Structures are given as structure tokens and as C-alpha cells.
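# Tertiary structure, described
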Amino acid sequence: GIQVEQSPPDLILQEGANSTLRCNFSDSVNNLQWFHQNPWGQLINLFYIPSGTKQNGRLSATTVATERYSLLYISSSQTTDSGVYFCATRVRTSYGKLTFGQGTILTVHP
Amino acid sequence: SQTIHQWPATLVQPVGSPLSLECTVEGTSNPNLYWYRQAAGRGLQLLFYSVGIGQISSEVPQNLSASRPQDRQFILSSKKLLLSDSGFYLCAWSVDGVSRGNYGYTFGSGTRLTVV
């Protein structure tokens, strides 16, 4: 099956810093999503981005499908950005089923 | 708007006891439904998915089963829990198809199961 690798596994930032999270995947995909899991376990869908670039406030994401990677940018980080960030994707034939990376644990200190 | 409800939020069960976790979706029809498990706060493993009533596909062999008795209801069950069944269980839904215009997943708030 498809392999999804995220880096870095852990990231510690001071409030106000910028960061880039990376997601590499091993096969051609038609679905790439980024999620944020808060300290209470709730998973929030941040972006559906199979290709191109999207922005939502301080967050933006870019997927280069031909090179099999996606990046999540967090600018001017805040303590509320802490949590685990997951990317997830699927191949065309795996109807609806997402494969998740292992996540990046982000800690933002005040 | 679409919402997903999952309960209970936490559960402590003895080894060998049965399990029933329920998930319901509102505001959409014929969703794809999924059960995921997350162990030790990292990585989500797909357990079951369903594309319609009574249609269940299992991704990994395990001590659990799933059922979809109604279009927007998905149930995770076990007849006898094992210690290894402990974890954080998440239900999710998605819709596919160009006409629906949304390929994203929406997750429930999860059930933290501890088997003792």
C-alpha cells in the first residue's frame, strides 16, 4: 500500500515563529488532506489539497503531486497551534480510504 | 450543515466484556463511514469502512466488528474485549463524487477506551 512519511516527528517553537511541516507519499494520489488534532483528541480537517496551494489565515498548504510531497506552513505560531498535525492521502483505487502519516507533534511555547 | 456524533467520550471496560460504540451523521445522505483507531497518540489505523447500509469492509483482522443498520449510523462492537483493544476510536464520514464537491473527511470527537 501507499506509504506516507511526515517530518519532523516533533517540533518545538516559540510563539510568533514560522514553521514548515512536510509530507512525502510513495504513489500517485488524488486526495491529500491535512488535519490538526488538538490536545483533547479532536481531529480537524485543515485542508483538502490534492494539488496546488491554499491559504486559510496563518496556515497555508502546497501539494506538488508530480513530486509526491505536500507542505504545511504555519506563520506567526500561537500556543493554540499546539497539537499533532497529520497528513493523509489515498490512491485512486482505494475508494474513500485514507492512509495517515505518523504525524508531527507541534509544541508552541509562550 | 453536516454533523457527526460519537459516544461515549470515555469508557472503561473489563477484559472479556462486550463493547458497543455508536456513531451517527446528520445533514448528509449515503455517506462513506469509517472507524479508525489511534494508539499512543500517533498514527491512525483504519479498522472498517462502509459505503452503504449493510456493506462493511474490514481492513485488519481483529477482535472487533462493525455494522451499519441505517444509512447514517455506524456501530463498532466486540463480544469479548481484550487488553489490546484499548485505544482512541474515531468515527469519520466522507462523500465522494464531483457532484458533491467535497472529498474531505470529518471526524467525530472520539471514544477513549481503556480495557482493564
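These lines cover the structure that appears in this document, whether it is placed above or below. Note that the coordinates shown come from a computational prediction; the quantities given were computed from them, not determined experimentally.

Rules behind the numbers
Residues numbered from 1 in each chain as written. Chains lettered and ligands numbered in written order. Predicted model: local features only at pLDDT ≥ 70, side-chain atom pairs only at ≥ 80, totals over all residues. Heavy atoms only, no water. Helix = DSSP H or I, 4+ residues; strand = E, 2+ residues; numbered from the N terminus. Rg over C-alpha atoms; globule rule 2.2 N^0.38 Å. Contact = heavy atoms within 4.5 Å. Areas by Shrake-Rupley, 256 points an atom, 1.4 Å probe, with all protein chains shown as cover. Lys, Arg positive; Asp, Glu negative; His and termini not counted. Charge placed at Lys NZ, Arg CZ, Asp CG, Glu CD. Buried < 20%, exposed > 50% of the residue type's maximum accessible area, 1.4 Å probe, protein only. Pairing = 2+ DSSP bridges. Axes fitted to C-alpha atoms, helices over the stretch in contact; angles between N-to-C directions. Salt bridge = Lys/Arg side-chain N within 4 Å of Asp/Glu carboxyl O. Phe/Tyr/Trp six-rings, centres within 6.5 Å; stacked < 30°, edge-to-face > 60°. Lys NZ or Arg CZ within 6 Å of the ring centre and 35° of its normal.

In this section: the overall build of chain A. Of regular secondary structure, chain A possesses 0 helices and 11 strands. Ordered by position from N to C terminus, the α and β elements of chain A give β-β-β-β-β-β-β-β-β-β-β. Taken over the C-alpha trace, chain A has a radius of gyration of 13 Å; the compact-globule value for 110 residues is 13 Å, and the two agree within 12%. Expressed along its principal axes, the backbone C-alpha trace of chain A runs to roughly 45 × 25 × 20 Å. Taking as baseline every contact in chain A between residues at least 6 positions apart, the subset at least 24 positions apart corresponds to 55%. Accessible area of chain A: about 5,200 Å², with a carbon and sulfur share of 49%. Taking the average place of the 7 positive charges on the side chains of chain A and the average place of its 6 negative ones, the gap between the two points comes to 13 Å.

To continue, consider the overall build of chain B. The helix and strand inventory of chain B stands at 0 helices and 11 strands. In chain B, the succession of α and β elements from N to C terminus is β-β-β-β-β-β-β-β-β-β-β. Compactness check: chain B gives a C-alpha radius of gyration of 14 Å against a globular reference of 13 Å for 116 residues, within 12% of the reference. Summarising its shape, the C-alpha atoms of chain B cover approximately 45 × 25 × 20 Å along the three principal directions. For chain B, buried positions account for 47% of its 116 residues.

We now examine the sheet that holds strand 1 (residues 3-7) of chain B. Adjacent strands of a sheet pair through backbone hydrogen bonds, lying either parallel or antiparallel. Residues and elements named next belong to chain B. Spatial strand order, 1-3-8-7: 4 strands in an open sheet with antiparallel pairing. Only two strands of the sheet have a single partner each, and these edge strands are strand 1 and strand 7 (65-70). The mean inter-strand angle of the sheet, taken between neighbouring strand axes irrespective of direction, is 20 degrees. Here strand 3 (residues 19-26) runs beside strand 8 (residues 73-78); their pairing, made up of 6 bridges, is antiparallel. In the strand pairing of strand 8, serine 20 is matched with serine 77.

On to the pattern of salt bridges. All names here are of chain A. Within this structure, the stated rule accounts for 3 salt bridges over all chains. One salt bridge connects aspartate 81 with arginine 58, and the closest N-O pair in it is separated by 2.8 Å. With a gap of 23 residues between them, aspartate 81 in the loop between strand 8 (69-74) and strand 9 (83-90) and arginine 58 in the loop between strand 6 (52-56) and strand 7 (59-64) connect regions that are remote in the sequence.

All names here are of chain A. If you trace the 5 strands from one edge of the open sheet to the other, you get 1-3-8-7-6, paired in antiparallel fashion. The open sheet terminates on both sides in strands that have one partner only, identified here as strand 1 (4-7) and strand 6. The average undirected angle you get between the axes of adjacent strands in this sheet is 15 degrees.

A few words now on the packing of aromatic side chains. All told, the structure shown has 11 aromatic pairs over all chains when counted by the stated rule. Aromatic side chains phenylalanine 100 of chain A and phenylalanine 107 of chain B sit 6.0 Å apart centroid to centroid with 70 degrees between the ring planes, which places their arrangement in the edge-to-face category. On the criterion of chain membership, the pair formed by phenylalanine 100 of chain A in strand 10 (residues 99-100) and phenylalanine 107 of chain B in strand 10 (residues 105-107) is interchain, its members lying in two chains. We classify phenylalanine 100 of chain A as buried; its relative accessible area is 7%. With a centroid separation of 6.4 Å and an interplanar angle of 45 degrees, the aromatic rings of tyrosine 34 of chain B and tyrosine 36 of chain B are classed as tilted. Owing to a relative accessible area of 0%, tyrosine 34 of chain B belongs among the buried residues under this scheme. Each member of the aromatic cluster is reached from another via a ring pair, and the members are Phe35, Phe86 and Phe100 of chain A together with Tyr34, Tyr36, Tyr105 and Phe107 of chain B. Between the NZ or CZ atom of arginine 22 of chain A and the centre of the ring of tyrosine 69 of chain A, over which it lies, the distance is 4.2 Å.

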